[in-house]
Amino acid sequence: MRVKVIGEVVSPGEIAVPPDSSISSAVAIAGGPTTDAQLSSVSLVRQNENGQIEKEDVDLSNLVDDYQVREGDVVVVAKRGYLSVVDGIGRVFNPLNLLRIFGL
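Residues numbered from 1 in each chain as written. Predicted model: local features only at pLDDT ≥ 70, side-chain atom pairs only at ≥ 80, totals over all residues. Heavy atoms only, no water.

Next up on the list: the overall build of the chain. Counting its secondary structure elements, the chain contains 3 helices and 5 strands. Ordered by position from N to C terminus, the α and β elements of the chain give β-β-α-β-β-β-α-α. Counting only residues that meet the buried cut, the chain has 38% of its 104 residues in that class. Of the contacts formed within the chain by residues at least 6 apart in sequence, a portion of 56% connects residues at least 24 apart. Of the roughly 5,900 Å² of accessible surface on the chain, a fraction of 51% belongs to carbon and sulfur atoms. (Helix = DSSP H or I, 4+ residues; strand = E, 2+ residues; numbered from the N terminus. Buried < 20%, exposed > 50% of the residue type's maximum accessible area, 1.4 Å probe, protein only. Contact = heavy atoms within 4.5 Å. Areas by Shrake-Rupley, 256 points an atom, 1.4 Å probe, with all protein chains shown as cover.)

Printed below as a string of structure tokens:
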């Protein structure tokens, strides 16, 4: 299964994860968080069955979660600091970037 992990991880990009993987597993497979990562506010972005983009914030401060990633999901690990978080999420949710992320 392929997902994208972007932002403050050691090796951002598209990665292969085993079925039933969690968000924290995907972050670990992407090399783990950088020292600048804001793990209390990680975003899971996915396209639902209706083609709409959904976003959910997840607290990975303990590097544990119960969220299962799906094929094509995008995990966004923000940089510490309010402005950096807003800037990073704004870049991801730019309509042109969403099209690129989901390969549309």
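Turning our eyes to something else, we now look at the sheet that holds strand β5 (residues 74-79). Here 5 strands make up an open sheet; going across it, the order is β2-β1-β5-β3-β4 and the pairing mixed. A single partner strand is all that each edge strand has here, and the edge strands are β2 (13-16) and β4 (53-58). Between one strand axis and the next, the sheet turns by 25 degrees as a mean value, whatever way the strands run. (Pairing = 2+ DSSP bridges. Axes fitted to C-alpha atoms, helices over the stretch in contact; angles between N-to-C directions.)

When you tally the buried positions in strand β3 (residues 37-47), you get 8 out of 11 residues, the bulk of the element. Two elements, β3 and β5, share 5 bridges in a ladder whose sense is antiparallel. Directly across from A37, in β5, lies its bridge partner K79. Two strands pair when backbone bridges link them, and β3 and β4 are joined in this way by 6 bridges, in the antiparallel orientation. When the sheet's bridge partners are listed, S43 is paired in β4 with D57. Hairpin geometry of β3 and β4 is characterised by an intervening segment of 5 residues between the two adjacent antiparallel strands and by a positive phi of about 85 degrees at G51.

All right, on to unusual backbone geometry then. Located in the positive-phi region is D20, a residue other than glycine, with phi close to 65 degrees. Looking at the element boundaries, D20 is found in the loop between β2 and α1 (23-29).

So, on to the nonpolar core. Looking at soluble globular proteins, one finds that nonpolar side chains tend to be buried together. Counting 18 residues, the largest nonpolar core has V5, I23, V27, V75 and V77 as its most contacted members. Of all the elements in the fold, those that place two or more residues in this core are β1 (2-7), α1, β3 and β5. No other element matches β3, which puts 4 residues into this core. (Core = buried A, V, L, I, M, F, W, Y, C linked by side-chain atoms within 4.5 Å.)

On to the pattern of salt bridges. Tallied over the entire structure, the rule returns 3 salt bridges. We note a salt bridge from R46 to D73, for which the minimum N-O separation is 2.6 Å. Linking R46 in strand β3 with D73 in the loop between β4 and β5, this pair joins segments that are 27 residues apart in sequence. Classification of R46 by relative accessible area gives buried; the value is 13%. Using a relative accessible area of 2% as the deciding quantity, one classes D73 as buried. (Salt bridge = Lys/Arg side-chain N within 4 Å of Asp/Glu carboxyl O.)

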